[in-house]
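Listed below, chain by chain, are the residues.
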Amino acid sequence: MHIAIAGNIGSGKTTLTKMLAKHYGWTPMFEPVEFNPYLEDYYADMERWSFNIQIYFLSKRFKDVVEIAKREDTVIQDRTIFEDARIFAPNLHDMGRMSDRDFNTYTDLFDHMMSLVQLPDLMIYIRSTIPNLVAQIAKRGREYEKTMGIDFLLGLNRLYEDWIAQYPGRLIIIDGDNVKFEDNPEAFSTITDEIDKVLFGLFPDEK
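Reference entry: report on the structure contained in this document.

Analysis parameters
- Residues numbered from 1 in each chain as written.
- Predicted model: local features only at pLDDT ≥ 70, side-chain atom pairs only at ≥ 80, totals over all residues.
- Heavy atoms only, no water.
- Pairing = 2+ DSSP bridges.
- Helix = DSSP H or I, 4+ residues; strand = E, 2+ residues; numbered from the N terminus.
- Axes fitted to C-alpha atoms, helices over the stretch in contact; angles between N-to-C directions.
- Contact = heavy atoms within 4.5 Å.
- 1 Å grid on protein atoms, 1.4 Å probe; cavity = no way out; pocket = protein on both sides within 12 Å on 5 of 7 lines; lining within 4 Å.
- Points joined across faces, edges and corners; volume = space filled by probe spheres on them.
- Nonpolar A, V, L, I, M, F, W, Y, C, P; charged D, E, K, R; others polar.
- Patch = residues over 30% accessible without salt bridge, like charges linked within 9 Å, V, L, I, M, F, W, Y side chains within 5 Å.
- Areas by Shrake-Rupley, 256 points an atom, 1.4 Å probe, with all protein chains shown as cover.
- Salt bridge = Lys/Arg side-chain N within 4 Å of Asp/Glu carboxyl O.
- Lys, Arg positive; Asp, Glu negative; His and termini not counted.
- Charge placed at Lys NZ, Arg CZ, Asp CG, Glu CD.
- Buried < 20%, exposed > 50% of the residue type's maximum accessible area, 1.4 Å probe, protein only.

## As for the sheet that holds strand E2 (residues 27–29)
Read from one edge of the open sheet, five strands run E2-E3-E1-E4-E5, paired in parallel fashion. Every other strand in the sheet has two partners, leaving E2 and strand E5 (171–175) as the edge strands with one partner each. Across this sheet, the average inter-strand angle for adjacent strands is 20°, counted without regard to direction. Bridge count between E2 and strand E3 (residues 75–78): three bridges; the pairing is parallel. Note on E3: the bridge partner recorded for Thr27 is Val75. Seen against the sheet, helix H1 (residues 13–24) touches strand E1 (2–7), E2, E3, strand E4 (122–127) and E5 and runs at an angle of roughly 170° to E3.

## Points about the layout of surface pockets
By rolling a water-sized probe across the atoms, one finds the places where empty space is left. There is about 740 Å³ of room inside the largest pocket. Surrounding the largest pocket, 34 residues form its lining, Gly10, Gly12, Lys13, Thr14 and Arg140 being those nearest its centre. Those elements that place two or more of their residues in the lining of the largest pocket are H1, helix H2 (39–44), helix H3 (46–70), helix H4 (81–94) and helix H6 (130–140). Per-class residue counts for the lining of the largest pocket are 12 nonpolar, nine polar and 13 charged. Approximately 230 Å³ is the volume attributed to the second largest pocket. Around the second largest pocket sit 13 residues that line it, and His2, Ile68, Ala69, Gln118 and Leu119 are the ones nearest its centre. For the lining of the second largest pocket, the per-class residue count stands at eight nonpolar, two polar and three charged.

## Structural notes on a negative patch on the surface
On the surface, a cluster of negative charge is made up of Glu40, Asp41, Asp45 and Glu47. Along the chain, Asp41 falls in helix H2. Taking the relative accessible area as the measure of exposure, Asp41 reaches 35% and is therefore partly exposed.

So this is what it looks like as structure tokens:
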């Protein structure tokens, strides 16, 4: 089974992935951030490195979904291949930081890949406002993220909402501003209750 966590930068995807993996005994699969050879260059000059980093992410996440499809255990994935193609690449293109030529090449490659990719069994989307995202990004203190502008995050949020509004699979939406699941067992249990209901048909009084 494939569970995926989606959400903007700083929304809490990695934290929730770890918590749900521990709670259910699922195998976590994390976004390749720390070993990304393009990341610092990208944040320093997005226009120059946007195509490179998006192709890097697309390659890594395509490899991940192929691996997940072959596994017999349940995998919970921190960010998905769909977000790269439907949110991050279009946002860069909309902002003039990816050329028409590069965007069309990237989109054509992604569309071909989709013939081999299935939707996750469950998508969990963490919805967050810009002030909450900015606070979370500042809290984790990554130097290369300090150059991100508000317009960049706003564009991502807009595209996330457009994508989620049309998402065709099983979906749970979490209010990331108000459901503070980290270090809050009660808030976390509201999430696991919803997952149990959607995936397993279980309700709290039936457990």
